[in-house]
Amino acid sequence: MVVLEYNQLEELIIRIRDISGFDFSGYARPSLLRRAGRYLAKYDMDLGELLDHIEPGGSLVYELIQELTVNYSEMFRDPEYFKKVRTEVFGYLESYPALRFWVAGCASGEEAFSMAIMLKEAGLLSRSLIYATDLSNKVLTSAREGVFTLGNTRTFSESYMQAGGKHSLSDYYHVAYNQAIISPELRKNIVFSLHDLTGDGVFNEFQFISCRNVMIYFTLELRQQVFRLLYDSLSMLGFLCLGKRETLRYSGLEAHFKVIDSTLNIYQKIK
Amino acid sequence: MNSAKDESLSLVLIGGSSGSFVIFEDIIKLLRNPVSFAVIFVLHRGKHSSSVLPDLFKTKTDVHMSEPHHLDPITANSIYFALPDYHLLVGKDHRFYYDHTEPDFFSRPSIDATFISAALSGIPVKAAMLFSGSSQDGAEGLKLLAEKGFPTYVQDPESAEFPRMPEEALLKYRQHNLLGEDKFYKTISDLLS
Ligand SMILES: C[S@@+](CC[C@H](N)C(=O)[O-])C[C@H]1O[C@@H](n2cnc3c(N)ncnc32)[C@H](O)[C@@H]1O
């Protein structure tokens, strides 16, 4: 077990920034400390060794960044969330002739694919454009390929059904070389692009923004700034969806939203 | 924001797994409003058992109990329970942080995650205790707390319903104080006064 102290973590943050340009200074320290400690334990090294190994031009620093940012995702993750969006939000969106969605922090695309499937089943996909963004080029590359491992399809199918899916998940992908590939028809309405929530600004106006399992990485201050960006990117009466694990608490913007669902953290911008 | 920190804050940390529930209940009965510290309980439990502990123990104490939210401030005279399916970390800014990384020893919340973060937070720990359980979780964290000079206690494996957890803690660090069957609650009560 390797335990990293706060001052050592700051040293690591500076080193990563100097070498890669990636700046963790706005990331919540307690979780970063835990993840960095686990990384060291996994490779059985101490901080000194790690600092020696992360060299300009090497790939280790990018692996480390990858590890520290956590880009786990899955199809229809927290199915009850998707179900709520379908029942509580879609009805409202039907009145718009054109719809823009933003999946912020989309990782390898599963959340955007899940949304596209739901929109398709609600008859809304053809007038929708889904912008799915992340700051990792690596996950975006995988998202653009629309591939997920076949091994998980059974769990995903169950989640799809729990989310209120009307058909079979297998209608939406085909299998090649032991991988599942999302059907091109769904991907047509999704634009994957690089966007850093902590540095880049507003790039469009949306009726719906989901930002799930992302805010948890940020410090209180940075989190407020990112919430402001999401707020500024939402049209009036647009929806902000944070999912099961994040709330608007301490965002400074609580008064600007109406709570649509307090468990799944679905909010509507009202002022 | 840091100016709002209560410099006198101290923590009591309590971890347990199988066989610890009744002990937790009895410890909670010992707590009477006001207490000068914050008590953080980490109990292994299923993923979906949310919001039950403060409810279950409602009649046992008059100290305020909650399952804290991400970023909630940690304050004295409060009892906190780690929520299922998250690790509950203690920040040096006196706030709680959720962490959703992998389980430790199949457990989320993990006792190690809370104990280690508390040990590193710079907040004084008045006492840390580890009770019955059949997992290795908690041993690393309790060791770190002891090495930082904080008082640490483990239930005597002899009298624990599931001895593995206290045993592992003693294997990692022999000098923890033992809480024997004899005067068990008396000792704990003295620690909490
Ligand atoms: C755990 S994944 C969440 C994926 C998906 N939203 C879900 O809930 O399954 C978090 C993602 O946030 C991305 N992320 C972290 N910091 C970011 C930032 N500053 N800007 C944009 N994306 C960021 C990570 O690269 C990662 O892919």
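About the cut-offs
Residues numbered from 1 in each chain as written. Chains lettered and ligands numbered in written order. Predicted model: local features only at pLDDT ≥ 70, side-chain atom pairs only at ≥ 80, totals over all residues. Heavy atoms only, no water. UniProt positions renumbered as here; feature names shortened; annotations may be inferred. Helix = DSSP H or I, 4+ residues; strand = E, 2+ residues; numbered from the N terminus. Buried < 20%, exposed > 50% of the residue type's maximum accessible area, 1.4 Å probe, protein only. Contact = heavy atoms within 4.5 Å. Phe/Tyr/Trp six-rings, centres within 6.5 Å; stacked < 30°, edge-to-face > 60°. Lys NZ or Arg CZ within 6 Å of the ring centre and 35° of its normal. Axes fitted to C-alpha atoms, helices over the stretch in contact; angles between N-to-C directions. Parallel < 35°, antiparallel > 145°, perpendicular 65-115°, else oblique. Left-handed = near helix turned anticlockwise from the far one by under 90°. Pairing = 2+ DSSP bridges. Near = heavy atom within 4 Å. Polar contact = N/O pair within 3.5 Å; in protein donor to acceptor, adjacent residues only side chain to side chain. Nonpolar A, V, L, I, M, F, W, Y, C, P; charged D, E, K, R; others polar. Expected span 1.5 Å × (residues − 1). Bend = angle between axes of the 7 residues up to and from the residue.

Chain B appears in an unreviewed UniProt entry as protein-glutamate methylesterase from Dyadobacter psychrophilus. Here is the UniProt Catalytic activity (unreviewed entry) comment for chain B, exactly as written: "[protein]-L-glutamate 5-O-methyl ester + H2O = L-glutamyl-[protein] + methanol + H(+)".

Going by the annotation in an unreviewed UniProt entry, the name recorded for chain A is Chemotaxis protein methyltransferase CheR, with Dyadobacter psychrophilus given as the source organism.

J.: I'd like a rundown of the UniProt feature "active site" (unreviewed entry) in chain B, residues and numbers included.
T.: Residue and element names in this part refer to chain B. UniProt records the feature "active site" (unreviewed entry) for Ser17, His44 and Asp137 in the present numbering. Considering the C-alpha atoms alone, the annotated residues occupy 121 residues of sequence yet fold into one spot, their largest mutual distance being 9.5 Å. Along the chain, serine 17 turns up in the loop between β1 (11-16) and α1 (21-30). On the basis of relative accessible area, serine 17 is assigned to the buried category, the value being 10%. If sequence neighbours within four positions are ignored, serine 17 has contacts with Leu43, His44, Ser132, Gly133 and Met165. By secondary structure assignment, the location of histidine 44 is in the loop between β2 (38-43) and α2 (53-56).

J.: Account for the packing of aromatic side chains, naming residues and giving values.
T.: Remark: the centre distance and the inter-plane angle together describe each pair of aromatic rings, the angle taken between the planes. Residues and elements named next belong to chain A. Taken as a whole and judged by the stated rule, the model has 28 aromatic pairs over all chains. Taking the centre distance of 6.1 Å and the plane angle of 55 degrees together, the rings of phenylalanine 22 and tyrosine 27 count as tilted. For the pair formed by phenylalanine 22 and tyrosine 27, the shared burial category is buried. Ring geometry for tyrosine 27 against phenylalanine 218: centres 5.4 Å apart, planes inclined by 85 degrees, an arrangement best described as edge-to-face. Residue tyrosine 27 is found in the loop between α1 (6-20) and α2 (29-42), and its partner phenylalanine 218 is found in the loop between β7 (206-210) and α10 (220-233); the two are separated by 191 residues along the sequence. Aromatic ring contacts, followed pair by pair, group Phe76, Tyr81, Phe82, Tyr160 and Tyr172 into a single cluster. Arginine 212 extends its terminal NZ or CZ atom over the ring of tyrosine 81, reaching a point 4.1 Å from the ring centre.

J.: If you had to explain the packing of helix α4 (residues 139-147) of chain B against helix α5 (residues 164-172) of chain B to someone new, which residues and values would you point to?
T.: All names here are of chain B. Running from N to C, α4 and α5 point in directions that differ by 45 degrees, and their axes come no closer than 8 Å. Between α4 and α5, the angle falls in the class oblique. Between α4 and α5 lies a crossing of right-handed hand. In this structure, α4 uses Ala139, Glu140, Leu142 and Lys143 to contact α5, whose residues at the interface are Glu168, Ala169 and Lys172.

J.: Describe the sheet that holds strand β2 (residues 128-134) of chain A, naming the residues involved and giving the relevant values.
T.: As a general point, the strands of a sheet are linked pairwise by backbone hydrogen bonds and lie either parallel or antiparallel. Residue and element names in this part refer to chain A. Read from one edge of the open sheet, 7 strands run β6-β2-β1-β7-β8-β10-β9, paired in mixed fashion. Pairing within the sheet leaves two strands with one partner each, and these edge strands are β6 (190-194) and β9 (257-261). Adjacent strand axes in the sheet meet at a mean angle of 20 degrees when their direction is disregarded. Pairing of strand β1 (residues 99-104) with β7, which is carried by 3 bridges, proceeds in the parallel orientation. Residue pairing in the sheet places phenylalanine 101 in a bridge with phenylalanine 208 of β7.

J.: So what about the site of the ligand? Which residues, and what values?
T.: Residue and element names in this part refer to chain A. In the neighbourhood of the ligand, 20 residues make up the surrounding shell, with Ser73, Arg77, Glu111, Asp134 and Asn213 lying closest. A distance of 2.9 Å separates a nitrogen atom of the ligand from a polar atom in the backbone of leucine 197. Split by residue class, the shell around the ligand holds 9 nonpolar, 6 polar and 5 charged.

J.: I'd love a proper account of helix α5 (residues 79-93) of chain A, names of residues and values included.
T.: Residues and elements named next belong to chain A. The end-to-end C-alpha separation of α5 is 20 Å, in line with the 21 Å expected for 15 residues at 1.5 Å each. The largest bend along α5 reaches roughly 35 degrees and is located at arginine 86. When we look at burial in α5, the residues that qualify are Pro79, Tyr81, Phe82, Val85, Arg86, Val89, Phe90 and Leu93.

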